[in-house]
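Fold and geometry: a report
Each chain, letter by letter, is given below.
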Amino acid sequence: MKLLLVEDNRELSSWLTRLLNQSGYAVEQAFTGEAADTLLMTQTYDAILLDLTLPGLKGQTLLRRLREKNDEVPVLIISAQDSLQAIIDHLNLGADDYLAKPFDIQELEARLRSLLRRASGKTNPVLLCGALSYDSNSKIFRSHGNDLNLTPREHAVLEALIRKSGKTVSKKELADGLVTLNDAVSPKALEIYIVRLRKKIENSGAQIITLRGLGYMLTYLAESV
Amino acid sequence: MQSLKKRLAIWVFLPTLLISVTDLLITYLHTDEVATLVQQQLLKGSAKIISEQLAFVDGGYELSVPPAALELFATKYQDRVFYSVRSPKGMLIAGTEDLAPYEEKLQIEQEKYYSTTLRDERVRVIAYAHTLPNTSNDYAVTQVAQTMNSHDGFKRDLFWLTMREHLVLLTMVVIGLVIAFRWTLSPVKSFGERLARRKPGSLEKLDENSAPEELAPVIHSMNDYVAELDKTLTSYEQFVANTAHHLRTSFAILTSQVNYGMRSGDLNQTQTELLNAIQKTILQGTKVINQLLVLAAVEQNKQQAHSRLASTKVNLAEVITSVMEELAPLAQQKQVELGVNVVEDDIVIAAPIYLIREVVASLIDNSIQHMQQAGVVSLSLQRQGAHCLLSVVDNGQGIPPAERQKVFARFYRLDESKPNSSGLGLAIVKEICDTLLADVSLRTPKNGIGLQVDILFPLGGA
């Protein structure tokens, strides 16, 4: 995978390059908008990491030119301006995602992976949350690569949660998803499934959080936040 | 403050009044003269008629007074008239004895006027010397006296006439003044009203052609001031943006370096701990930068028109849900149970979404950060008449009543030893609420434990 990193701060650029190299990406650095523009005329990249506040040619202009040429290369903006309006503006300009500085490399790589996946045309059948994975083709949950042994109902609940990970799923939604399994589910029963699931995914870093009054949410807890 | 109107009124009306009063005074003194002259003419006419009727008949003098001589004095004032004709030796020929003889020497055809009292009434008297019929150089003195009623009445009439004229004049001056005020001061007034209608902190320039020439310097200097303020604000904005950019970039470098270090493997425990601590510090620093940026943005919003603020509509329940999802992992780590009680999901208010997010996030974050042990943070959102009430209740250590006003100050920390608190969270909440005309208050929850923050948002037309 070949990336173009457009970042005017040489130090940040060099550290990010080292990190991304470590993860197996080939990175070319451009320190100005003009340099990036020139590179883009002759080279193709799998994704572009674009800072906005560049000396000379601004990131916004670069992005607009790119899209005017119908170049659909995924662009992830990394910027120090993180007002909501700025984010909306840049996504409207044709950016695919946005990450505010400072960011964690894990976050950056996760976004990058998802961008590359989307660009490659196939929606990845594997859903991830921490070390918990769900292969929607084979319908198998794994934690750290080991198959999880789930009852059909637990499976249905966890599937509903991982499909919307990071968002709340109401108890009603969860119960409705279980109705297809022939009988109605009492709130009490649902709580029991959640308790069991929590035990089973304990080691994966993924957690089911209760937001009282709203529902449940599957999320990944970083270790040292 | 001095009113222009008052000054103008004083400086136009007072001199006019002074002139009027002076004129009235002069007229008053003058009317006495005029009335006296008129009376004297009448007295003289009467005396002449009487004197001409004196005849010498059968060795004696005879006088028949013609009615005309007395009718001269007939006025509505009802005067009494006396007369007497005396020989040179002071002997009464005709008329009344009451009228004392005129003592002084008179030439023939000479008259003298004087005032005296007759039967307890003031009278004006003429003493007129004329030849006696049948004698060569002897003369008689005819005296006619008239009470002062006509004189005084005439004088009064004259004075009142002048007085009426002056009253009409003064009334006209006043009416003229009122019209002049309306007409000449109305541009000043409407200029003032236009200023008052401007939104506080407006950076709009004033139109110089819309006000009278005399106000041009005011408008000029106001516009200069506005331009200067605009420049200052813009450079302040620029400064905040630049500072944030630099700090964020530096933190991004630091984060990359820490990330790199953590991935390099073969770390001993101290090194891992160190890198974790650095990462945590970076996160806290980032949080403070973001909070300061929010404060700067709120500050700018205060300067801008409220109409712009109100142009976007926010569903509060949606914001609450998304903020809770965002903070759920943090709550989980701190063993804080996050939840909602009642949340009406169809409340929409006019406000920029990022400000509402910031308020909700700051409140929940504040509650989580100040929780000493496992606890509960609950939100509720309900309509309350023309407002809606957002409450965030926790069962942490609470805030003593004495501290409740202070915690809204920037960088004020209840517990100085707590490293995670920047002291900006509640300040942000307060300043955003001020901007959105919402009312924020702190209280102890019903069960007596922890802290309840209530925010009353005006629903407005939304």
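Residues numbered from 1 in each chain as written. Chains lettered and ligands numbered in written order. Predicted model: local features only at pLDDT ≥ 70, side-chain atom pairs only at ≥ 80, totals over all residues.

The next thing to look at is the overall build of chain A. Along its length, chain A carries eight helices and twelve strands. Counting every position in chain A, which comprises 225 residues, the buried fraction comes to 32%. Of all intrachain contacts in chain A linking residues separated by at least 6 positions in sequence, the fraction that spans at least 24 positions is 54%. (Helix = DSSP H or I, 4+ residues; strand = E, 2+ residues; numbered from the N terminus. Buried ≥ 20, exposed ≤ 12 C-beta atoms within 10 Å, placed from the backbone. Contact = placed C-beta atoms within 7 Å.)

Outside of glycine, negative phi angles account for most residues, and trans bonds account for most peptide bonds. Backbone torsion omega between K101(A) and P102(A) reads -10°, so that peptide bond is classified as cis. Although it is not a glycine, K139(A) adopts a positive phi angle of roughly 60°. At L437(B), a residue that is not glycine, the phi angle is positive and equals roughly 60°. Mapping L437(B) onto the fold places it in the loop between α9 (425-435) and β13 (439-443).

The next point concerns the confidence of the model for chain B. Residue and element names in this part refer to chain B. Looking at chain B, the pLDDT average stands at 86 and 95% of residues meet or exceed 70. Per-residue pLDDT, averaged within each element of chain B, yields its smallest value for helix α6 (residues 306-309) (52) and its largest for strand β12 (residues 387-394) (95). Taken together, the chains of this predicted complex give a pTM of 0.62 and an interface ipTM of 0.75. (pLDDT = per-residue confidence, 0-100.)

Our next topic: the interface of chain A and chain B. Size of an interface: often given as the accessible area lost when the parts come together. Residue-level contacts link 31 residues of chain A with 35 residues of chain B. A per-element tally of the side of chain A that touches chain B places helix α1 (residues 10-22) of chain A first, with seven residues. The residue makeup of the side of chain A that touches chain B, split by class, is 15 nonpolar, ten polar and six charged. Pairing of strand β11 (residues 206-212) of chain A with strand β9 (residues 336-343) of chain B involves two bridges; the strand directions are parallel. If you follow R212(A) over to β9(B), its bridge partner there is G339(B). (Nonpolar A, V, L, I, M, F, W, Y, C, P; charged D, E, K, R; others polar. Pairing = 2+ DSSP bridges.)

Residues and elements named next belong to chain B. One open sheet accounts for five strands, arranged β4-β3-β7-β6-β5; its pairing is antiparallel. Of all the strands in the sheet, the pair left with one neighbour each is β4 (92-95) and β5 (111-118). Between one strand and the next, the sheet's axes are offset by a mean angle of 20°, whatever the strand orientation. Sheet topology note: the β5/strand β6 (residues 121-131) ladder contains eight bridges and is antiparallel. Counted as the bridge partner of Y114 is V125 from β6. Contacting β3 (81-86), β5, β6 and β7 (139-147), helix α1 (residues 4-52) crosses the sheet at an angle of about 135° to β7. (Axes fitted to C-alpha atoms, helices over the stretch in contact; angles between N-to-C directions.)

Quick look at the environment of L25(B) now. Residues and elements named next belong to chain B. By secondary structure assignment, the location of L25 is in helix α1. Take L25: there are 10 C-beta atoms within 10 Å of it, and that puts it in the exposed class. Here the alpha-carbon distance between L25 and F159, two residues 134 residues apart in the chain, equals 9.4 Å.

Here we come to the packing of helix α2 (residues 33-42) of chain A against helix α3 (residues 59-68) of chain A. All names here are of chain A. Between α2 and α3, the shortest axis-to-axis distance is 10 Å and the interhelical angle comes to 20°. By the criterion of interaxial angle, the relationship of α2 to α3 is roughly parallel. In the crossing of α2 with α3, the sense of the turn from one axis to the other is right-handed. Facing α2, whose interface residues are G33, A36, D37 and L40, α3 presents G59, T61, L62 and L66. Of the residues contributing to the contact of α2 with α3, the split by class is four nonpolar, three polar and one charged. (Parallel < 35°, antiparallel > 145°, perpendicular 65-115°, else oblique. Left-handed = near helix turned anticlockwise from the far one by under 90°.)

Residues and elements named next belong to chain B. Here L389 shows up in strand β12. Separated by 69 residues in the primary sequence, L389 and P458 have C-alpha atoms spaced 9.0 Å apart. What L389 contacts, discounting residues up to four positions off in sequence, is Q382, Q384, D454 and L456.

Attention now goes to the sheet that holds strand β2 (residues 26-30) of chain A. All names here are of chain A. The strand order across the open sheet built from five strands is β2-β1-β3-β4-β5, with neighbouring strands paired in parallel fashion. Either end of the sheet is taken by a strand with one partner, and the two such strands are β2 and β5 (97-100). The sheet shows a mean angle of 20° between the axes of neighbouring strands, taken without regard to direction. Summarising the sheet, strand β1 (residues 2-6) and strand β3 (residues 47-50) pair through four bridges and their orientation is parallel. Looking at β3, one finds that L4 is bridged to I48. Contacts between helix α5 (residues 105-119) and the sheet are confined to β3, β4 (75-79) and β5, with β5 contributing the most and set at about 175° to the helix.

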